[in-house]
Amino acid sequence: MLQSLIDVILPVFLVIGAGYTATALGYFKEAHIDGLMKFTQGFAIPCLLFLAIANLDLGASFDPRLLFSFYTAAGLCFCAGLFGARLIFRREWEDCVAIGFCCLFSNSVLLGLPITERAYGPENLAGNYAIIAFHAPFCYGIGITVMEVIRSRGHGGIRMVRSVLSAMFRNALILGIALGFIVNLSGIGVPGVVDDALGLITRAALPGALFALGGVLVKYRPEGDLRTIAYVCGVSLMLHPSLVWLFGSTVGLPQDLFRSGVLNAAMAPGFNAYIFANMYGRAKRVAASSVLVGTGASILTVWLWLTLLG
């Protein structure tokens, strides 16, 4: 089992390491990494999310008890990150929101899906897909709303609401997900030629994003933020799955959904944690380093949760 976890996580590190090495050696400049980040963040990943939601069988994978357990725990972890960053580390409120988002957004796609499949088989992924369908809208909805409320303090309620809606509908990830739901629920279907073209783009999304993350880490080293990064990793890797375990046990989740919920919660902060920090230019070093450090630490913590789950 440990070898299978290494087989899943090691390729992620190799791609990140390639981006780091290429940038550190000067082969990729900062402008190149910024361009790659813009492509993945603003185009390729939204296309990936659009296709995933458009083709998802929502009826087969939806269970309110799972969503309650997972997202109640995620919301509490956002609060833990937000107020912990303020009260413990004395960060500015905008930084606190970005740090809270790191504690909120687990890597349910890049790590959650393959680890659950390797552990329990592809027939036990319904819970994973249900979580993924609502993951980005829920997390970005909370993160953007709280950030815009803080940024608009003193400017009145109407201006704050306008800022939240503007930020939400300018976000390419939210638009991709929303369009995916429209296509899914309407039954229109994606034409084959369009589906093939989007498939070509989406194959570059995750590796491109990971490579860009490696380049970003050259500039945002964890110097001076080690305690904050350790706090984020603790909330993400231990508190989140513990809360899902508690809530899932309370509401009587079926075993396959229970395991999917706990394992997805146990994943390291996802790359979207850095995307969110980059959107607002806040706590970028904490976000980038938390993704890297948390992914490495998850080799051991995921092993722990798999052992507890049996």
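In what follows, the structure referred to is the one given above.
The structure reproduced in this document is the subject of the present report. (Residues numbered from 1 in each chain as written. Predicted model: local features only at pLDDT ≥ 70, side-chain atom pairs only at ≥ 80, totals over all residues. Heavy atoms only, no water.)

### Regarding the overall build of the chain
Then step 1. When helices and strands are counted, the chain shows 15 helices and 0 strands.
Then step 2. The C-alpha atoms of the chain give 19 Å as radius of gyration, which agrees with the globular expectation for 310 residues (19 Å, within 12%).
Then step 3. Viewed in the frame of its principal axes, the chain has a C-alpha envelope of about 50 × 45 × 45 Å.
Then step 4. With 310 residues in all, the chain has 54% of them scored as buried.
Then step 5. Of the contacts made within the chain by residues no fewer than 6 positions apart, 85% connect residues no fewer than 24 positions apart. (Helix = DSSP H or I, 4+ residues; strand = E, 2+ residues; numbered from the N terminus. Rg over C-alpha atoms; globule rule 2.2 N^0.38 Å. Buried < 20%, exposed > 50% of the residue type's maximum accessible area, 1.4 Å probe, protein only. Contact = heavy atoms within 4.5 Å.)

### Notes on helix α6 (residues 108-120)
Then step 1. Here α6 contains 13 residues, and its C-alpha end-to-end distance of 16 Å is more than 12% below the 18 Å for a straight helix at 1.5 Å per residue.
Then step 2. Downstream of α6 by one or two residues, G121 has phi in the positive range, about 95°. (Expected span 1.5 Å × (residues − 1).)

### Describing the state of the cysteines
Each disulfide consists of a covalent bond between the sulfur atoms of two cysteine residues.
Then step 1. Across all of its chains, the model carries 0 disulfides by this definition.
Then step 2. No disulfide involves C79; its sulfur sits 9.2 Å from the nearest other cysteine sulfur, which is in C77.
Then step 3. For the unlinked cysteine C139, the closest cysteine sulfur is that of C77, found at 11 Å. (Disulfide = S-S within 2.5 Å.)

### Remarks on the nonpolar core
Then step 1. I45, Y140, F271, Y274 and F276 are the most contacted members of the largest nonpolar core, which totals 89 residues.
Then step 2. For this core, the element with the most residues is helix α4 (residues 64-87), which contributes 11 residues.
Then step 3. When residues no more than four places from it in sequence are discounted, the contact partners of F276 are V97, A98, F101, Y140, G143, I144 and M147.
Then step 4. In this structure, C47, F50, L51 and V183 belong to the second largest nonpolar core, which totals 6 residues. (Core = buried A, V, L, I, M, F, W, Y, C linked by side-chain atoms within 4.5 Å.)

### Some thoughts on a nonpolar patch on the surface
Then step 1. On the surface, a cluster of nonpolar side chains totalling about 300 Å² of accessible area is made up of F83, L87 and I88.
Then step 2. Look at F83 and you get partly exposed, because its relative accessible area is 41%. (Patch = residues over 30% accessible without salt bridge, like charges linked within 9 Å, V, L, I, M, F, W, Y side chains within 5 Å. Areas by Shrake-Rupley, 256 points an atom, 1.4 Å probe, with all protein chains shown as cover. Salt bridge = Lys/Arg side-chain N within 4 Å of Asp/Glu carboxyl O.)

### Let's talk about the packing of aromatic side chains
Then step 1. Per the stated rule, a full pass over the model turns up 17 aromatic pairs.
Then step 2. With centroids separated by 6.1 Å and ring planes inclined at 70°, the aromatic side chains of F105 and Y140 adopt a geometry described as edge-to-face. Of the two residues, F105 sits in the loop between α5 (93-104) and α6 while Y140 sits in helix α7 (residues 126-151), which places them 35 residues apart along the sequence.
Then step 3. Y140 gets classed as buried once you look at its relative accessible area, which sits at 0%. (Phe/Tyr/Trp six-rings, centres within 6.5 Å; stacked < 30°, edge-to-face > 60°.)

### Description of the packing of α4 against helix α12 (residues 226-251)
Then step 1. Running from N to C, α4 and α12 point in directions that differ by 145°, and their axes come no closer than 8 Å. Remark: the crossing between α4 and α12 carries right-handed chirality. Residues R65, F68, S69, F70, T72, A73, A74, L76, C77, A80, G81 and G84 of α4 pack against Y231, V235, L239, H240, L243, V244, F247, G248 and V251 of α12.
Then step 2. Here the residues of the contact of α4 with α12 are counted per class, giving 14 nonpolar, 6 polar and 1 charged. (Axes fitted to C-alpha atoms, helices over the stretch in contact; angles between N-to-C directions. Left-handed = near helix turned anticlockwise from the far one by under 90°. Nonpolar A, V, L, I, M, F, W, Y, C, P; charged D, E, K, R; others polar.)

### Quick look at the pattern of salt bridges
Then step 1. Summed over the entire model, instances satisfying the criterion amount to 8 salt bridges.
Then step 2. The shortest N-O distance in the salt bridge between E148 and R151 comes to 3.5 Å. With E148 and R151 both in helix α7 and 3 residues apart, this pair spans about one turn of that helix.
Then step 3. Residue classification places R151 among the partly exposed positions, given a relative accessible area of 46%.
Then step 4. The partner of D225 in a salt bridge is R285, and the shortest N-O contact between them spans 2.7 Å. Residue D225 is located in the loop between α11 (205-219) and α12, and its partner R285 is located in helix α15 (residues 284-309); the two are separated by 60 residues in the primary sequence.
Then step 5. Its relative accessible area of 8% is what places D225 among the buried residues.
Then step 6. With relative accessibility at 31%, the residue R285 sits in the partly exposed group.

### Description of unusual backbone geometry
Then step 1. Phi at R90 is positive, roughly 55°, even though this residue is not glycine.
Then step 2. Examined against the element boundaries, R90 turns out to sit in the loop between α4 and α5.
Then step 3. On the basis of relative accessibility, which here comes to 67%, the residue R90 falls in the exposed class.
Then step 4. The phi angle at A283 is positive, at roughly 50°, despite the residue not being glycine.
Then step 5. Inspection of the secondary structure assignment puts A283 in the loop between α14 (272-280) and α15.
Then step 6. A283 sits in the buried class, given a relative accessible area of 9%.

### Some thoughts on the packing of helix α2 (residues 30-54) against α14
Then step 1. For the pair α2 and α14, the least separation of the axes is 12 Å and the interaxial angle reads 110°. The orientation of α2 with respect to α14, classified from their angle, is roughly perpendicular. Considering only the axes of α2 and α14, their crossing is left-handed. Contacts between α2 and α14 involve M37, Q41 and I45 on the former and, on the latter, Y274, I275, N278 and M279.
Then step 2. Here the contact of α2 with α14 is built from residues that sort into 5 nonpolar, 2 polar and no charged. (Parallel < 35°, antiparallel > 145°, perpendicular 65-115°, else oblique.)

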